[in-house]
Amino acid sequence: MPLNDILTLERTLAGVPGGSKKRVLEYFSRFIAQQIPQLDAEEVFSSLIARERLGSTGIGQGIALPHCRMRHCSEAVGTFIRLRDKIDFDALDGQPVDLIFVLLVPEEANEAHLQTLAELAQKFSDEDLRKALRKTDVAEQLHQLITSPLDASSSG
C-alpha cells in the first residue's frame, strides 16, 4: 500500500510538544480517535504501550516507528509527528527522537504490516530526507517529503 494512502495531510503534524514517550503516544491516541471514530483512544494507547514493552520502536537517528495491530482498524493508518523538542524514546542508538511515524494496522494484516514498516525504515534511513524533515514545520512539505518516492541516487 503506497504511503500516501496510509498518511494523509490531516495526519501530518508539525511542532507537536514532546515531553515524554508516554505523553506523545497519549497525544497520538487521542488525536487518531478524533480522526477515526471507530478507534478508541484508550485501546490505541494500551496497544502502543504493549508493543513498546516488547522493545522500543525508536530505530535510531532521531526516528521512532511506533506501531501495533488494532481490532477496530479496517485499513492501515499512519500519522507523522515532527516534535518541537526531542524526547527520550529508548531508541536503539540511545539518541533522542523528534521524528515519529505511528502506524496502526488491522489485526489480520501481517505481511502488509511488515512491508510498510520496512519501507518506512528504509525511507527514514535516508540522511537527506531526515535533514529536510527537520528543516520545515509546514505540514504540506512534511507530507510531500514522506510520501514521495526515494530518489534512486540517494538510496543504497
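Residues numbered from 1 in each chain as written. Predicted model: local features only at pLDDT ≥ 70, side-chain atom pairs only at ≥ 80, totals over all residues. Heavy atoms only, no water.

1. Observations concerning the overall build of the protein chain
To keep things clear, this is the line we draw: Helix and strand assignments come from DSSP, with helices taken as H or I runs of at least 4 residues and strands as E runs of at least 2, each series counted from the N terminus. Only the C-alpha atoms count toward the radius of gyration. The rule for a globule is 2.2 Å times the residue count to the power 0.38. Each residue gets one of three labels from its accessible area relative to the maximum for its type: buried under 20%, exposed over 50%, partly exposed in between, using a 1.4 Å probe on protein chains only. Any pair of residues with heavy atoms lying within 4.5 Å of one another is described as a contacting pair. All tallies of charge rest on Lys and Arg as positive and Asp and Glu as negative; His and the ends of each chain are not included. Charged groups are reduced to one reference atom each: NZ for lysine, CZ for arginine, CG for aspartic acid, CD for glutamic acid.
Within the protein chain one finds six helices and six strands. Reading the protein chain from its N end, one meets helices and strands in the order α-β-α-α-β-β-β-β-β-α-α-α. A globule of 156 residues ought to have a C-alpha radius of gyration of about 15 Å, and the protein chain, at 14 Å, matches this closely. Based on the C-alpha atoms only, the size of the protein chain along its principal axes is roughly 40 × 30 × 30 Å. By the burial criterion, 47% of the 156 residues in the protein chain qualify as buried. Within the protein chain, contacts between residues at least 6 apart in sequence are counted, and of these 69% link residues at least 24 apart. If the 17 positive side-chain charges of the protein chain are averaged to one point and the 23 negative ones to another, these points end up 5 Å apart.

2. A look at the packing of helix α5 (residues 127-135) against helix α6 (residues 139-147)
What counts is decided by this rule: Angular values range over 0 to 180 degrees, each being the angle between N-to-C directions of two axes fitted as lines to C-alpha atoms, with helices fitted over their stretch in contact. Working rule for angles: under 35 degrees goes down as roughly parallel, over 145 as roughly antiparallel, 65 to 115 as roughly perpendicular, anything else as oblique. Throughout, the ten residues Ala, Val, Leu, Ile, Met, Phe, Trp, Tyr, Cys and Pro are labelled nonpolar, Asp, Glu, Lys and Arg are labelled charged, and all others, Gly among them, are labelled polar.
The contact between α5 and α6 brings their axes to 9 Å, and the two run at 170 degrees. Taken together, α5 and α6 sit at an angle that is classed as roughly antiparallel. The segment α5 lies against α6, with L129, A132 and L133 engaging L142, L145 and I146. Here the residues of the contact of α5 with α6 sort into six nonpolar, no polar and no charged.

3. Here we look at α5
Rules: Here the arc refers to the directions that run from the helix axis out to each C-beta atom. By the criterion applied in these results, polar contacts are pairs of N or O atoms within 3.5 Å in which, for protein atoms, one can donate a hydrogen and the other can accept it, and in which residues neighboring in sequence qualify only through two side-chain atoms.
Those residues of α5 lying buried are L129, R130 and L133. Down the axis of α5, the buried set is contained in an arc of 100 degrees. They therefore lie on one face. α5 presents D128 and K135 as exposed residues on the side facing more than 90 degrees away from its buried surface. On its buried face, α5 is in contact with β3 (63-64), β5 (77-87), β6 (97-106), α4 (111-124) and α6. Capping the start of α5, D126 holds a side-chain oxygen 3.1 Å from the backbone nitrogen of D128, two or three residues further along.

4. Let's talk about α4
Stated formally: Expected span of a helix: the number of residues minus one, times 1.5 Å.
Helix length check: α4 (14 residues) gives 20 Å between terminal C-alpha atoms against 20 Å at 1.5 Å per residue, within 8%. The set of residues buried in α4 consists of H113, T116, L117, L120, K123 and F124. Angular distribution of buried residues about the axis of α4 spans 125 degrees; they occupy a single face of the element. Facing away from the buried side of α4, by more than 90 degrees, are the exposed residues E111 and L114.

5. Looking at the packing of aromatic side chains
Stated formally: Stacked, edge-to-face and tilted are the three classes for Phe, Tyr and Trp ring pairs, Trp counted by its six-membered ring, which pair at centre distances within 6.5 Å; planes under 30 degrees apart are stacked, over 60 edge-to-face, the rest tilted. Only when the NZ atom of a Lys or the CZ atom of an Arg is both within 6 Å of the ring centre and within 35 degrees of the ring normal do we say a charge sits over the ring.
Overall, the coordinates contain two aromatic pairs when judged by the stated rule. Considering the side-chain rings of F80 and F124, the 6.1 Å spacing of their centres and the 15 degrees angle between planes classify their relative orientation as stacked. One end of the pair, F80, is in strand β5; the other, F124, is in helix α4, with 44 residues separating them in the sequence. F124 matches F80 in its accessibility class, with the two residues each being buried. Here the aromatic rings of F101 and F124 are separated by 6.5 Å at their centres, their planes lie at 55 degrees, and the arrangement is tilted. You can see F101 sitting in strand β6 and its partner F124 sitting in helix α4, a full 23 residues away along the chain. An aromatic cluster is defined as three or more aromatic residues linked by ring pairs; in this entry it consists of F80, F101 and F124. The ring of F89 carries K21 above its face, with NZ or CZ at 4.9 Å from the centroid.

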